[in-house]
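Chain residues, written in single-letter form:
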Amino acid sequence: MSSIAPAVAVDRQRLIDWYVRNRERSRGLFDLLDPAAYYSRPIALRNPIVFYEGHLPAFSVIALLKRGLGLPGVDPQMERLFERGIDPESVDEAVPRSGAGTIWPPRDDVLAYGRRADEAVVAALRSAPFDLAGGEHRAMRNGEAVFTALEHEAMHQETLLYMWHRLPHAQKRAPRSVRYELSGASLSGTAVTIPGGVATLGADRSAVPFGWDNEFGEHAVEVAAFEIDVYSVTNAEFLEFVEAGGYRTRELWSDRGWAWRETEHITHPAFWVRDGDRWYWRGMFEKIALPALWPVYVSGEEAAAFARWRGRRLPTEAEYHRAAFGTRSGEERQFPWGDAAPDATRGNFDFASWEPVPVGARPLGASAWGVHDLVGNGWEWTSTVFGPFPGFEPMASYPEYSADFFDGQHYVIKGASPATARELVRPSFRNWFRPNYPYVYAKFRTAIS
Ligand SMILES: [Fe+2]
C-alpha cells in the first residue's frame, strides 16, 4: 500500500508548474475586480470574495502540508478563518456559518499569507517525501493530498467565475480583448437513438493517478435504449418555452421547483436580462443581445420543466456516460471524441472563453453517436441524485468533500464548462448542485426512453 503514482514520483516539476499556473490564474481572477467589491457577497449564500482569496492557499496548506505530510501550518489563525466554504439551503441558515460578524483582514494581509503559503507548498512539492502512505499519512496514499490541493484550486476558479458573473459590470475590469462566437448554423431539433448497452461509471483506483472519493469505484450499469438530443438546448429554443408561458404552467414543474419559482419570483434564466421589450445575455463584462445559438444556462428545475414541456425528460448520469463514451462496438472511449488529450479543438473548456459558443461549434468533440458538446460549453444537468458509488470511502485529505452532500438534495452534472480546467476533464469526474441553483455554467439536453 505504500505505492505512489509514478507520475508523482518522477515529475515534481510538473506538479510545481501546475501549482504555479493555478496560483497565477487565481490572482488574475481576483485582479479582475474593482477593490470595492472585495468584501461583497455576489451570491447571497456564498462567502464574501475576500474569503476565497484566503481559502485557496489555506486549503493547500491544510490538505497537503498538515493532513498529508504532517507538517505544521503557516498561520493557524488564517487557516481557521479560511478553512471552509458553505452550501446552506437558505440565506438565514448562512448567517451563523459564514460568520456575519467575522472581521475579514485587509487584502494586503491575505496576499501576504498567500505568498507564505505558496512558498511552503512549493517547497513541499519540490522535496517532501511523497511515499508516506501508511498510518498517520493515509492522506498521502498514491499522492492523494498533492492532487487534492491542485484540483481544489482549479475547481474553485470555476465557482469564482460564477460569482464574478453576478457582480455589476462596473465592478469588473474587462481584459483588453474579449471576443464572442455568435454565428453558426441553426442546429437544434435533432435527436439520435442510442441502443441499449453497458456504461462504465466511476474509476478503478489502480488505473488513474487521482480521483475524488465520489469517483470510486468503477462499476458497470446496464442502460436501456434511449433517444437523446444531438445538441444542447439553445437560448432560442428556451425562449419559445418562456413565451409559451412555461414559467407559469404549474404542471410542468416539480413541487420543489414550483415552490422555488414562486418564492424567488423566477420568470426567466438567471443569465438573461430583460431590457424594454428585448432579451439580453448577462455576459461577464457586458450585456449582449441574447445569442440565439448559445446553449441556455439554467438551473436543474428549469431544465426539467422545459424537458417536460417537450414531452421528454433529462438524461440520467448513466445515459450521459453511454452517450458520451459508448460506441457501437461496446468499447468505451476515454473522451467523447476518442483517446486524444483534451484541447481547444474538442470543446469549449480550460478557460478558452468567458462565455459559451454556439452549440455544435466544436464538431471534433462529438461522441461516437454524433452527440455534440458533451464535454465543454457548459456542464450537463442529469436527473440523477448525487450519491456514493459502491465502495465509497471518504478521502483522508478532504473527508468532507462529498459525504456532506449525499443528502438527496443535490443532482449530478457532467462534462465541463468554459471555466473547467483541462486537468478535470475525465470520464469519472462528477460535479453536483442543488437543482434550484441557477448560477452554474450548466446547460442541458433532453432524452426519452
Ligand atoms: Fe474549497
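Everything numeric here is computed off the predicted structure, so don't read it as measured data.

**Student:** Teacher, can you tell me more about the confidence of the model for the protein here?
**Tutor:** Low-confidence regions, as indicated by low pLDDT, have predicted coordinates that should not be scrutinised in detail. Across the protein, pLDDT averages 92, with 93% of residues at or above 70. Low pLDDT, under 50, characterises residues 86–98; the stretch is placed with 26 contacts to residues that sit more than four places away or in other chains.

**Student:** Can you walk me through the sheet that holds strand E12 (residues 447–448) in this structure?
**Tutor:** Within a beta sheet, neighbouring strands are joined by backbone hydrogen bonds and run either parallel or antiparallel to one another. If you walk across this open sheet you meet the 3 strands as E1-E4-E12, and the pairing is antiparallel. Sheet topology places strand E1 (191–194) and E12 at the edges, where each strand pairs with a single neighbour. Relative to strand E4 (residues 226–229), E1 runs antiparallel, the two sharing 4 bridges. Counterpart to valine 192 in the pairing with E4 is isoleucine 228.

**Student:** Explain the pattern of salt bridges to me, please; I cannot follow it from the model alone.
**Tutor:** One side chain can pair with another of opposite charge once the charged atoms of both are near each other. Counted according to the given criterion, the structure contains 24 salt bridges. Between arginine 362 and glutamate 181 there is a salt bridge; the shortest N-O distance is 2.6 Å. Here arginine 362, found in the loop between helix H11 (317–325) and strand E8 (379–385), pairs with glutamate 181, found in the loop between helix H7 (144–166) and E1; they are 181 residues apart in sequence, far enough to count as distant. A relative accessible area of 16% places arginine 362 in the buried class. The partner of glutamate 380 in a salt bridge is lysine 443, with the nearest N and O atoms 2.9 Å apart. Residue glutamate 380 is found in strand E8, and its partner lysine 443 is found in strand E11 (residues 442–443); the two are separated by 63 residues along the sequence.

**Student:** Looking at this structure, I do not really get the packing of aromatic side chains. What am I missing?
**Tutor:** Within a pair of aromatic rings, the relevant descriptors are the distance that separates the centres and the angle that separates the planes. Here the structure, examined in full by the defined rule, presents 46 aromatic pairs. Ring centres 5.4 Å apart and planes at 25° place the aromatic pair phenylalanine 271 and tryptophan 281 in the stacked group. In this pair, phenylalanine 271 sits in the loop between helix H9 (255–263) and strand E5 (272–275) while tryptophan 281 sits in strand E6 (residues 278–282), placing the two residues 10 residues apart along the sequence. In this structure, phenylalanine 271 and tryptophan 281 share a single accessibility class: buried. By way of ring pairs, the aromatic residues Trp18, Phe59, Phe147, Phe210, Trp212, Phe386, Phe392, Tyr398, Tyr401, Phe405, Phe406 and Trp432 are connected into one cluster. Looking at arginine 12, its charged tip hangs above the ring of phenylalanine 130, at a distance of 4.1 Å from the centre.

**Student:** What am I meant to see in H11 here?
**Tutor:** Count 3.6 residues to each turn of an α-helix, and residues three or four apart come out pointing the same way. Taking burial as the measure, the 9 residues of H11 include 9 buried ones, the bulk of the element. Within the span of H11, buried status applies to Glu317, Ala318, Glu319, Tyr320, His321, Arg322, Ala323, Ala324 and Phe325.

**Student:** Please explain the coordination of the iron ion as it appears in this structure.
**Tutor:** Six octahedral donors at a metal ideally form angles of 90 or 180 degrees, and four tetrahedral donors ideally form angles of 109.5 degrees. Distances from the iron ion to its protein donors, His55 (NE2), His152 (NE2) and His156 (NE2), fall within 2.1 to 2.2 Å. Sequence spacing of the donor residues for the iron ion, all on one chain, is H-x96-H-x3-H. Here histidine 55, found in helix H3 (residues 49–68), pairs with histidine 152, found in helix H7; they are 97 residues apart in sequence, far enough to count as distant. You'll find histidine 55 and histidine 152 in the same group, each marked buried.

Calculation notes
- Residues numbered from 1 in each chain as written.
- Predicted model: local features only at pLDDT ≥ 70, side-chain atom pairs only at ≥ 80, totals over all residues.
- Heavy atoms only, no water.
- pLDDT = per-residue confidence, 0-100.
- Contact = heavy atoms within 4.5 Å.
- Pairing = 2+ DSSP bridges.
- Helix = DSSP H or I, 4+ residues; strand = E, 2+ residues; numbered from the N terminus.
- Salt bridge = Lys/Arg side-chain N within 4 Å of Asp/Glu carboxyl O.
- Buried < 20%, exposed > 50% of the residue type's maximum accessible area, 1.4 Å probe, protein only.
- Phe/Tyr/Trp six-rings, centres within 6.5 Å; stacked < 30°, edge-to-face > 60°.
- Lys NZ or Arg CZ within 6 Å of the ring centre and 35° of its normal.
- Donors = N, O, S within 2.8 Å, 3.2 Å for Na, K, Ca; no water.

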